[in-house]
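Each chain, letter by letter, is given below.
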Amino acid sequence: PLAAAMGVSKDKMKLEPEETFFEGPPSITEVIVPTLAILTVIGIIPFFAAVARQFWVKYKITSRRIAVDGGFRGKDHVEIVYRDIDYIRFIRRLGGDTADMVIFLKDGAKLEMRSVPKFTEIYEYILEKSPPDVRENSGVPKKS
């Protein structure tokens, strides 16, 4: 009935299956500097924090959403859908293969993702799935 009321066939109303683009922990490269800093007493805390993130934080980027499991023992779960993204900011790490990324949502909330591996591929995928104004709001030139 809804499809007929909208003038669309039932086949077009069906959702595509959700496809996983990336699923995994933050990049292991975030442990390199804290490992070297462990030689100092001060470096022990960042080292353990980086190692804990490797075990407790998981990113999942699919064709419909971005999900982050984190917090103490990975018990916090956050999901956002692409249509809620307003813009994205990032800073690259260690040669640019990884980056820290903050996704700003239209309701003013933020999702922070540290040491995102395969950053360029993931960033382009998120921009591709997001509304067209996200690319412009993020300061990325339009694709020709």
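Residues numbered from 1 in each chain as written. Predicted model: local features only at pLDDT ≥ 70, side-chain atom pairs only at ≥ 80, totals over all residues. Heavy atoms only, no water.

### Notes on the nonpolar core
In globular proteins that are soluble, nonpolar side chains generally tend to be buried together.
Okay, step 1: Within the largest apolar cluster, 25 residues are counted, with the highest numbers of intra-cluster contacts made by I66, I85, I103 and M113.
Okay, step 2: If you list the elements that add at least two residues to this core, you get β2 (58-62), β3 (65-70), β5 (85-93), β6 (98-105), β7 (110-116) and α5 (119-129).
Okay, step 3: Broken down by element, the residue count for this core peaks at six residues, all from α5.
Okay, step 4: In this view, I103 contacts I66, I80, I85, Y87, I88, A109, K110, L111 and M113; residues no more than four positions away in its chain are not counted. (Core = buried A, V, L, I, M, F, W, Y, C linked by side-chain atoms within 4.5 Å. Buried < 20%, exposed > 50% of the residue type's maximum accessible area, 1.4 Å probe, protein only. Helix = DSSP H or I, 4+ residues; strand = E, 2+ residues; numbered from the N terminus. Contact = heavy atoms within 4.5 Å.)

### Looking at the packing of aromatic side chains
To describe a pair of aromatic rings, one takes the distance between the centres and the angle between the planes.
Okay, step 1: This model, assessed by the stated rule, comprises six aromatic pairs.
Okay, step 2: Judged by centre distance (5.4 Å) and plane angle (65°), the ring pair of F47 and F48 falls under edge-to-face. (Phe/Tyr/Trp six-rings, centres within 6.5 Å; stacked < 30°, edge-to-face > 60°.)

### Details of the pattern of salt bridges
Okay, step 1: In this structure the tally under the stated criterion is five salt bridges.
Okay, step 2: Between R93 and D100 there is a salt bridge; the shortest N-O distance is 3.0 Å.
Okay, step 3: R93 gets classed as partly exposed once you look at its relative accessible area, which sits at 23%.
Okay, step 4: Two residues, E124 and R135, come together in a salt bridge whose shortest N-O distance is 3.3 Å. Residue E124 is found in helix α5, and its partner R135 is found in helix α6 (residues 132-137); the two are separated by 11 residues along the sequence.
Okay, step 5: Given a relative accessible area of 26%, E124 falls into the partly exposed group.
Okay, step 6: A relative accessible area of 12% places R135 in the buried class. (Salt bridge = Lys/Arg side-chain N within 4 Å of Asp/Glu carboxyl O.)

### Overview of the sheet that holds strand β4 (residues 76-81)
Okay, step 1: In space, the four strands of this open sheet follow the order β1-β2-β3-β4, with antiparallel pairing throughout. Edge positions in the sheet fall to β1 (20-24) and β4, since each of these pairs with one other strand and no more. The average undirected angle you get between the axes of adjacent strands in this sheet is 10°. (Pairing = 2+ DSSP bridges. Axes fitted to C-alpha atoms, helices over the stretch in contact; angles between N-to-C directions.)

### Points about the side chain of S27
Okay, step 1: Residue placement: S27 occurs in the loop between β1 and α3 (32-37).
Okay, step 2: S27 gets classed as buried once you look at its relative accessible area, which sits at 9%.
Okay, step 3: There is a polar contact of 2.8 Å between the side chain of S27 and the side chain of T29.
Okay, step 4: If we ignore the near neighbours within four places in the chain, the residues touching S27 are Q54, T98, S115 and P117. (Polar contact = N/O pair within 3.5 Å; in protein donor to acceptor, adjacent residues only side chain to side chain.)

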